[in-house]
Amino acid sequence: MDSSDSAQETPTVRLPDDWRTGRIEAVHDLAWRDLLDLVPGTAQALADLAAEQTGTTATGLARDTAVRFNGGCGSDLFLVCRECDADRAVIEIKGPQAAMNPNKDDIWQTAVYQDAYQADPALACGHFPGISPLFILLDARNRSRQAIEQKEGAYIPLSLDAWAVLTYEEVLTRAPFKDQPLARWLLACC
Ligand SMILES: [Zn+2]
């Protein structure tokens, strides 16, 4: 491949209906959606990395799934079972300017998700025998879980124990992500 190509490549991002210009976080969400939905093997590779960090296995987790926007704020990605429409993974993307977000009751969005699946296990797909859903947080600033908890949990305690926290760097620089134009764009963008 000609290395001079990369600067001119335009990421193939599909715009949502509510797209507003200038929202870098939204573009990151879209880029990840396209990567995970369109590039074969990426969703499974991400699940495998997350499972490795949380000490479990995710073999087959991405089989017969689709990647969707879902949930209250509409900006997080969900790996959804095609058969039952329930979730196998929640993927919270923290782009270059994103902060962890609490709701109006000062409960972190990450905890809101955990509580929701605990309260209603049917929200998670029962077709996958392992941990379901897998909670995955992707951080553009390449911070560790501890760094995020300390920095952002200064006023409201934040625990990401249930989450696999992965940096853009460690995901996007390995196969099957690396060499994808969108992966290069995401890495260069932050
Ligand atoms: Zn299912």
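Residues numbered from 1 in each chain as written. Predicted model: local features only at pLDDT ≥ 70, side-chain atom pairs only at ≥ 80, totals over all residues. Heavy atoms only, no water.

Colleague: What exactly am I supposed to notice about the coordination of the zinc ion here?
Modeller: Six octahedrally arranged donors around a metal ideally form angles of 90 or 180 degrees; four tetrahedrally arranged donors ideally form angles of 109.5 degrees. The coordination sphere of the zinc ion contains the protein donors Cys81 (SG), Cys84 (SG), Cys125 (SG) and His127 (ND1), at a distance range of 2.1 to 2.4 Å. Between the four donor atoms coordinating the zinc ion, the angles at the centre fall across 104 to 114 degrees, so the site counts as tetrahedral. All donors of the zinc ion come from a single chain, and their spacing in sequence reads C-x2-C-x40-C-x1-H. You can see Cys84 sitting in the loop between β2 (76–81) and β3 (87–94) and its partner Cys125 sitting in the loop between α3 (109–119) and β4 (134–139), a full 41 residues away along the chain. Overall, Cys125 belongs to the buried group, its relative accessible area being 3%. (Donors = N, O, S within 2.8 Å, 3.2 Å for Na, K, Ca; no water. Tetrahedral: all angles 85-135°; square planar, octahedral: opposite > 155°, others 65-115°. Helix = DSSP H or I, 4+ residues; strand = E, 2+ residues; numbered from the N terminus. Buried < 20%, exposed > 50% of the residue type's maximum accessible area, 1.4 Å probe, protein only.)

Colleague: Help me out: how do you make sense of the side chain of Glu92 in this one?
Modeller: The topology assignment puts Glu92 in strand β3. On the basis of relative accessible area, Glu92 is assigned to the buried category, the value being 1%. At 3.1 Å, the side chain of Glu92 forms a polar contact with the side chain of Lys94. Look past the residues within four positions of Glu92 in its chain and what remains in contact with it is Asp76, Asn101, Gln109, Thr110, Tyr113, Ile136, Leu137, Leu138 and Trp163. (Polar contact = N/O pair within 3.5 Å; in protein donor to acceptor, adjacent residues only side chain to side chain. Contact = heavy atoms within 4.5 Å.)

That is the geometry; function is a separate question.
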